[in-house]
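# Chain and residue survey
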Amino acid sequence: QVQLVESGGGLVQAGGSLRLSCAASGRTASSYAMGWFRRAPGKEREFVAAIIWSDESTDYADSVKGRFTISRDNKNTVYLQMNSLKPEDTDDYYCAARRGSTSRYSPSYTFWGQGTQVTVSS
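Below is a short write-up of the structure. In this text the structure is predicted, and so the values were computed from the model without any measurement.

## A few points about the state of the cysteines
Across all of its chains, the model carries one disulfide by this definition. One disulfide bridge connects Cys22 with Cys95, the sulfur atoms lying 2.1 Å from each other. Note on the Cys22 and Cys95 pair: the S-S dihedral is about -75 degrees, so by sign convention the disulfide is left-handed. Taken together, the residues span a long stretch of sequence, with Cys22 in strand 3 (residues 18-26) and Cys95 in strand 9 (residues 91-99) at a distance of 73 residues. Assigned by exposure class, Cys22 and Cys95 land together as buried.

Below is the structure:
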């Protein structure tokens, strides 16, 4: 089992920045890939970014490439640095974990956090 807890969401003006954190506990994260997804109410979950814990290779959705950066530290925490935020980035953001490589397919992730809300005002 892997437990995931997100934090760092909030309200920010367009053009601003936020950093989301996802603290992982339980089984070691070193054999997992970690992903960030987002979902607005009534919409499908959308892939944002992912990282392979072991080699730190990353993948990004086109909509956030160049603005968001996913990274991890050595203490089982994954971060999503979000810069140049736009009102369309407003969503609930979720951290997820799966064994093996990164994936943009949300059902392939086994473990999920509870989510953190990001609101970008215009």
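## Observations concerning the pairing of strand 3
As paired elements, strand 1 (residues 2-7) and strand 3 share six bridges and run antiparallel to each other. Among the inter-strand pairings, Ser7 is bridged to a residue of strand 3, identified as Ser21. Strand direction decides the pairing type here: strand 3 and strand 8 (residues 77-82), joined by six bridges, are antiparallel. The residue of strand 8 that forms the bridge with Arg19 is Gln81.

## A few points about the pairing of strand 5 (residues 46-52)
Most of strand 5 is tucked away, with six of its seven residues classed as buried. When strand 4 (residues 32-39) meets strand 5, the two strands line up antiparallel, connected through six bridges. Bridge pairing links Gly35 to Ala50 in strand 5. Between strand 4 and strand 5, which pair antiparallel one after the other, the connecting turn spans six residues, and Gly42 there sits at a positive phi close to 80 degrees. Where strand 5 hands over to strand 6 (residues 58-60), the hairpin turn is made up of five residues, of which Glu56 adopts a positive phi near 60 degrees.

## Section: the nonpolar core
Leu4, Met34, Trp36, Leu80, Met82 and Tyr93 are the most contacted members of the largest nonpolar core, which has 34 residues in total. Listed by contribution, the elements that provide at least two residues to this core are strand 1, strand 3, strand 4, strand 5, strand 7 (68-72), strand 8, strand 9 and strand 11 (116-121). No other element matches strand 5, which puts five residues into this core. Residues contacting Leu4, with those up to four places away along its chain left out, are Cys22, Ala23, Ala24, Met34, Cys95, Ala96, Ala97, Phe111, Trp112, Gly113 and Gln114.

## Brief notes about the side chain of Arg67
Positionally, Arg67 belongs in the loop between strand 6 and strand 7. Residue Arg67 is classed as buried on the basis of its relative accessible area, which comes to 11%. Within polar-contact distance, the side chain of Arg67 engages the backbone oxygen of Ser63 at 2.9 Å.

The rules behind these values
- Residues numbered from 1 in each chain as written.
- Predicted model: local features only at pLDDT ≥ 70, side-chain atom pairs only at ≥ 80, totals over all residues.
- Heavy atoms only, no water.
- Disulfide = S-S within 2.5 Å.
- Helix = DSSP H or I, 4+ residues; strand = E, 2+ residues; numbered from the N terminus.
- Buried < 20%, exposed > 50% of the residue type's maximum accessible area, 1.4 Å probe, protein only.
- Pairing = 2+ DSSP bridges.
- Core = buried A, V, L, I, M, F, W, Y, C linked by side-chain atoms within 4.5 Å.
- Contact = heavy atoms within 4.5 Å.
- Polar contact = N/O pair within 3.5 Å; in protein donor to acceptor, adjacent residues only side chain to side chain.

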